[in-house]
Amino acid sequence: LAVSCFNLQSKFPKNTPQMRFYLYLGIEFRSQASNFLKKCLNSSAHQERYKDILTAILSMNSIDVVWGTMADCQYHLTICEDFVEERMKTRPKISEKAKALHRIFSFLKLIQDSTALDKVREGEIVIKDDEGVAEEQLLESQTDQDLNIADGEFKESLNQKDGKIRIEFIKQPQSSSSGSTPIFTNITSETYYYPKMSTTTQDILSTDALYGLPNSLILCFSDCVRLVRHREYYKTNKLSAPRKYTKLCTEFEKRLLNWRSEWDFYKPHTREFVNDTIEGVYHHTMSFYYSLIIYYFTMARDLNNHLLQSYVEKVLSHLNQLSDLIDHKKVKVVPLIWQGFIAGCSSVDSNLQLSFKKWAAKLANSGMGSYWGARQIMFEVWRRRMNGEENDNWCSVYKDWEMNLMLS
């Protein structure tokens, strides 16, 4: 009910009686939902179905994203993480429906971790120096050949300890020792699993493909976020990046720049998209990919934004083409705001910035979320950049304003 109200209030002009009615009603429903959830978790969690409670916790994130606050998303994801881990201790075997909820949680947690860089925990850091690398810390180097999509398939794996979904690259023929996974063996790639997509895909927008991104790209995203969180740990603690970390970055960078989707977007032997929906998924995928390149080079390598403008333009181009498909061909693919935010914040051209501003406003008007906080941070980044001020990046503004970002 709260989500519906926040969606409806976005359909009316600002400050009209109708807009205020649905806004206040949404706030009231959100308060009730939050109170019911707290009572459930405090007193009767064991009397309720696991899937119902998990759905309720995840729904609190949906409410806040659609409302635009995003303030409590970190709080509810932490509750969800603890709840899932507790369940896995007592009953590690879960149903397919529960696994689908774990996938959603894992992806939301990854999106959250990509921006919540002020909350890097000590336990996440597996490379602190160049001495005594623990056996579980690193995998063997992965070359492009190791991740040749013709040699295997990206599949999901459920971590029996914490309930998170990770992505594994399984080489053919499959065997117990053939899994080649993230660059950290204990990375727990907090990702969302998608079935292999072919030219005859019928269910790409089903629950198993809710976010419309290939496994291989989500694995890159997960590894990238982990590298960035390590980098942030070193900077916060005034440590030099260990040689092993630098080596991992070099290996990952090669993998990222040579990435190719395992999904077939075109009809056989043509450059014609399978259908309008698949074309929309293609633009969503590519906009995310080019934003991931921007994210990596700005957050893990401190590259100057001026050197990344070609990628910024590509992101905007794909997002605009997706918008056209949504408007004119009724394609039901709604992009994440993550890629537009990351690319927009790296834009140094005023015309490009204006285009990103229009895109974000249009996305907010869709009713999927107001993204108010994310847009304000992006505008502040541009203001600082225009005035030649220091700390003209989203991470600095995020920390200065003590805001939370949930860019789903």
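Coordinates for the structure precede this section.
The present account deals with the structure reproduced in this document. Worth saying up front: this structure is predicted, and the values here are computed from it rather than measured. (Residues numbered from 1 in each chain as written. Predicted model: local features only at pLDDT ≥ 70, side-chain atom pairs only at ≥ 80, totals over all residues. Heavy atoms only, no water.)

It is worth spelling out the pattern of salt bridges at this point. Applying the stated rule across the entire model yields 24 salt bridges. The salt bridge partner of Arg103 is Glu96, with a shortest N-O separation of 3.8 Å. Overall, Arg103 belongs to the buried group, its relative accessible area being 3%. Residue classification places Glu96 among the exposed residues on the basis of a relative accessible area of 52%. The residue Lys362 makes a salt bridge to Asp327 at a minimum N-O spacing of 2.4 Å. A residue pair is termed long-range when its members are at least 10 positions apart, and Lys362 in helix α11 (residues 350–365) and Asp327 in helix α9 (residues 309–329) qualify at 35 residues. (Salt bridge = Lys/Arg side-chain N within 4 Å of Asp/Glu carboxyl O. Buried < 20%, exposed > 50% of the residue type's maximum accessible area, 1.4 Å probe, protein only. Helix = DSSP H or I, 4+ residues; strand = E, 2+ residues; numbered from the N terminus.)

Within the fold, His283 resides in helix α8 (residues 276–299). Those residues within four positions of His283 in sequence are excluded, and the remaining contacts are His318, Gln321, Leu322 and Leu325. (Contact = heavy atoms within 4.5 Å.)

Relative to each other, helix α6 (residues 215–236) and α8 sit at 20°, their axes nearing to 10 Å. In terms of orientation, α6 and α8 fall into the roughly parallel class. The chirality of how α6 crosses α8 is left-handed. Of the residues in α8, those in contact with Leu217, Cys220, Phe221, Cys224, Val225, Leu227, Val228 and Arg231 of α6 are Thr285, Phe288, Tyr289, Leu292, Tyr295, Tyr296 and Met299. Here the residues of the contact of α6 with α8 are counted per class, giving 13 nonpolar, one polar and one charged. (Axes fitted to C-alpha atoms, helices over the stretch in contact; angles between N-to-C directions. Parallel < 35°, antiparallel > 145°, perpendicular 65-115°, else oblique. Left-handed = near helix turned anticlockwise from the far one by under 90°. Nonpolar A, V, L, I, M, F, W, Y, C, P; charged D, E, K, R; others polar.)

The biggest cluster of nonpolar side chains holds 110 residues, and the ones touching the most others in it are Tyr295, Trp338, Phe341 and Trp394. A per-element tally of this core places α8 first, with 14 residues. Setting aside residues up to four positions removed in sequence, Trp338 forms contacts with Ile111, Ser114, Phe221, Phe288, Ser291, Leu292, Tyr295 and Leu407. (Core = buried A, V, L, I, M, F, W, Y, C linked by side-chain atoms within 4.5 Å.)

Excluding glycine, a negative phi dihedral is what most residues carry, and trans is how most peptide bonds are arranged. Here His269, not a glycine, exhibits a phi torsion of approximately 65°, which is positive. With respect to the secondary-structure elements, His269 resides in the loop between α7 (243–257) and α8. Among the residues examined, His269 registers a relative accessible area of 86% and is labelled exposed.

Once that is clear, we can look at the environment of Tyr233. One can find Tyr233 in helix α6. Discounting residues that sit within four places of it in the chain, Tyr233 has contacts with Val120, Glu122, Ile125, Lys128 and Leu239.

Once that is clear, we can look at helix α3 (residues 50–67). If you check α3, its first and last C-alpha atoms are 26 Å apart, about what 18 residues at 1.5 Å a residue would give, namely 26 Å. Burial in α3 covers these residues: Tyr50, Ile53, Leu54, Ile57, Leu58, Met60, Asn61, Ile63, Asp64, Val65 and Val66. Remark: Gly68 follows α3 within two positions and exhibits a positive phi of approximately 110°. (Expected span 1.5 Å × (residues − 1).)

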